[in-house]
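Working through the structure, step by step
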Amino acid sequence: MSGRNVDDDRSDTVVTPSAEFPPLDPAEMDTLRRVGAHWRTGSRPALPVDPTLDRYRNRPAPGRFSRLAPIALFEPEPGGRDGRDGLIAAEPANRPDSHLGRRLGRVRRVVLGPPLASAAVLHERMRKLVALPVLSSDLLSSVAYGPEALLTVLVLAGSGALGLALPLSAGLVLLMVAVGISYRQTIPAYPHGAGSYLVAGDNLGVGAGLTAAAGLMLDYVLTVSVSIAAGLHAVTSALPGLTPFTVPLGVLVILLLLAGNLRGVRTAGNIFVLPTYAFVVAVLGLLVVGYLRAAGRGFTPVAPPVVPAAEGLGLLLVLRAFASGAVSMTGIEAVSNAVPAFRPTEWRNARTTLGWMVAMLVVLFAGLTLLIHLAGLVPRPGETLLSQLARVTFPTGPWYAVVQATTALILLLAANTAFNDFPRLLFFMARAGHAPRRFLHLGDRLAFGNGLVALSGTAIVVFVAFGGHTEKLIPLYAVGVFLAFTLSQSGMVVHWRRHRDAGWRRRALVNGVGAVLSGLVLLTAAVAKFTEGAWVVVVAVPLLVLLFRRIHRHYRDLHTALALRAPPAAAEPGAGPQPVAGGGPPPSGTGHGVGPPRPPAGRSVEGEELPQELRHLVVVPVVRLNRASMRALAYAVSLGRPTLAVHLAPEDAEADRFREQWRAWGDHVRLETIVSPYRAVVGPLAHYLAALHVAAPELVLTVVVPEVLLRRPWHRLLHNRTGQRLRRALRALPGVVVTTVPVHVVE
């Protein structure tokens, strides 16, 4: 549920942990002040315990409520602009208390590494030398199967048609340069990234943006599947005995890539630096030696083996060959999507990296295509063209093995480009309300874990469904990516016409050429390969757009239902707005579940049996000031007991912003803010309540949690289940009562 109109959420595309906590817009702030002016709570009861955990000289020791000294899990956070100190949750506050939870936590640390604080997000960005292999692995690795895809179609017309490979390759080189220059113009125009989705949405409308996003999402899924399939094909070309194990090996590689990317951007970048550069050096060495051998015979082409024609040579076959060869360009948009992942100055470093990527692509693609022509090679089952070329070029020595090893490695790791861009695309879509908001969450390693898992799961399904065969996946490949190319470049033409900066006509012409060429490839691929499998993408794109619109409508309706409403002008001060069916979601964000400690066996913890024996403190977790949180606060205050509101923020800026909103409301309830720099919610909140209980064990803590009840079951998938996890974490804690305030949303 966005705090602003999701249709207008296009202005700020910076990736930040606070994206899960959108600010109130000016109209909502004004309504909040008017609502606060009608709150009448009388004198605010004094709290029976110091919420800052700083009043007591002696720190509470571990006891029956917790094995840890809870107060050590928090430290004062000066900087509240109203003069109050907040708290900062230390890293141990994220850890579970159960034995099983601790064991799983240790395994998680070994596999993924320790959590990173929100402040480390800048340090996780990539420098150019790291960004080049991370973002170009998909683009550069495609030269291992792009020329072969082109020749595989041409050879259907017989070996005599192979001569068309050179003019078609020249056209592809022109297309690469045109699209590359177009994206170099896009990067400074949209320095916060988001690529085709943002560009098309801004300039051609929401529908075009969603269509581009659908095309890119399909492209990223196919990138993983095709890259893994091609990499394993390179392996089985050298080791045919592994062919029966293609599918399980592919699934294993995808899971390993998932684990590597869950460790964070910088760690993943360090993994992929060496293989990418090694592949480039190996192919350049292959080209140098190959052309020296060709020069020795006067660059006379070797006659290819005679291949009988299976189809007639016609325009449709030529267009199919061109579209197949165009898969060598997949991944060229990766840099424009990942601009925020660069170190400052982001757009400048991204543009330089893209320039190097396109230059390397042109050299490798053109060089390999011409060398294959000179060597007289044709595609054949069981061995890739690159493997054949390496055998001919290096008949002896270890160099063939080096070429095959580096090729297989970069193809297997080329899927990392999709692992970088797919979750980021979902992040931007979720900000606009077109994807589930759980994709906004940055995991404890500052990676978009939910998006990475979604990509891995979908890619595994596609890979298994097609049996890991590259030739079956290639026909699906070009449609989605060139759909995004076409919409992005068309959007840039509109962008330049709208802004009319200096030199806008030249820039519009460049983007226009890119749009026309991309559109021709898109049309060719969709028509020529429709019966070969492209129909799947043609059908999937509108279905995905429909899904995105349904998700957006749900969030829009929910935002309308939960928006604050000012009391009538004639209302008596203090009467306040009447309770209505509306409310807010439970605290958003995710965190490690907290397994509560068990009380000692044979010992009764709760001994209060008379009303006068109970001392209460009501605690209300508040994520955002909307009708849900207002209803929970109103319910808590109506109990007539001391009430404390708690807000968990991922960073100081968001904590300060929320305190300002709280003051605008009127500061009717004592607020305590906790900065959770590792972005967990359940763990720090549970440990904070444990600390309050240890500081004043005679208290009964009543935690009031708002819960939105949705009518349609599939809508529940669009929301975090933090409220339920919080209840599970607190259920067994002695001295804590969890109360749910249900909010029924009528849609």
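Residues numbered from 1 in each chain as written. Predicted model: local features only at pLDDT ≥ 70, side-chain atom pairs only at ≥ 80, totals over all residues. Heavy atoms only, no water.

Turning our eyes to something else, we now look at the confidence of the model for the protein. Residue-level pLDDT values for the protein average 78, and 80% of them are 70 or greater. Scored below 50 in pLDDT, residues 1-13 shows 37 contacts in the model against residues more than four places distant or in partner chains. This model gives residues 574-607 a pLDDT under 50, and the stretch forms 102 contacts once residues within four places in sequence are excluded. (pLDDT = per-residue confidence, 0-100. Contact = heavy atoms within 4.5 Å.)

The subject of this paragraph is the pairing of strand S5 (residues 670-675). A large share of S5 lies buried, amounting to five of its six residues. Examined bridge by bridge, strand S2 (residues 86-89) and S5 share two bridges and lie parallel to one another. Paired with Leu87 across the bridge in S5 is Ile674. Pairing of strand S4 (residues 643-649) with S5 involves six bridges; the strand directions are parallel. Bridge assignment links Ala649 to a residue of S5, and that residue is Val675. For the crossover that starts at S4, traverses helix H21 (residues 652-665) and ends in the parallel S5, the hand is right-handed. (Buried < 20%, exposed > 50% of the residue type's maximum accessible area, 1.4 Å probe, protein only. Helix = DSSP H or I, 4+ residues; strand = E, 2+ residues; numbered from the N terminus. Pairing = 2+ DSSP bridges. Right-handed = clockwise from strand over helix to strand, strands pointing away.)

What follows deals with helix H22 (residues 682-695). The first and last C-alpha atoms of H22 sit 20 Å apart over 14 residues, in line with the 20 Å expected at 1.5 Å per residue. Among the 14 residues that make up H22, 13 are buried, leaving the element largely enclosed by the rest of the structure. (Expected span 1.5 Å × (residues − 1).)

So, on to a positive patch on the surface. There is a patch of like positive charges on the surface, built from Arg550, Arg553, Arg711 and Arg712. Within the secondary structure layout, Arg711 lies in the loop between strand S6 (699-709) and helix H23 (722-731). (Patch = residues over 30% accessible without salt bridge, like charges linked within 9 Å, V, L, I, M, F, W, Y side chains within 5 Å. Areas by Shrake-Rupley, 256 points an atom, 1.4 Å probe, with all protein chains shown as cover. Salt bridge = Lys/Arg side-chain N within 4 Å of Asp/Glu carboxyl O. Lys, Arg positive; Asp, Glu negative; His and termini not counted. Charge placed at Lys NZ, Arg CZ, Asp CG, Glu CD.)

With that settled, the discussion passes to the nonpolar core. Core analysis: the largest hydrophobic core is formed by 145 residues, its most contacted members being Ile228 and Phe482. Looking at this core, the element that brings in the most residues is helix H7 (residues 206-238), giving 18 residues. Sequence-distant contacts of Ile228, that is, excluding residues within four places in its chain, are made with Gly250, Val253, Ile254, Leu257, Leu411, Leu412, Ala415 and Phe463. (Core = buried A, V, L, I, M, F, W, Y, C linked by side-chain atoms within 4.5 Å.)

Here the focus is the side chain of Ser196. Residue placement: Ser196 occurs in helix H6 (residues 195-204). Each residue touching Ser196, except ones within four places of it in the same chain, is listed here: Tyr183, Gly201, Ala212, Leu216, Asn337, Ala484 and Ser488.

It is worth spelling out the packing of aromatic side chains at this point. Per the counting criterion, the structure on display carries seven aromatic pairs. Taking 5.8 Å as the distance between ring centres and 70° as the angle between the ring planes, the aromatic pair formed by Tyr183 and Phe485 counts as edge-to-face. Of this pair, Tyr183 sits in helix H5 (residues 165-189) while Phe485 sits in helix H17 (residues 470-499), and the two are 302 residues apart along the sequence. Phe485 carries the same exposure label as Tyr183, and that label is buried. Every member of this aromatic cluster is reached through a ring pair, and the members are Tyr183, Phe482 and Phe485. The positively charged end of Arg507 is found above the aromatic ring belonging to Trp496, 5.4 Å away from the centroid. (Phe/Tyr/Trp six-rings, centres within 6.5 Å; stacked < 30°, edge-to-face > 60°. Lys NZ or Arg CZ within 6 Å of the ring centre and 35° of its normal.)

Our next topic: the side chain of Thr223. Residue position: Thr223 is located in helix H7. Judged by its relative accessible area of 1%, Thr223 is buried.

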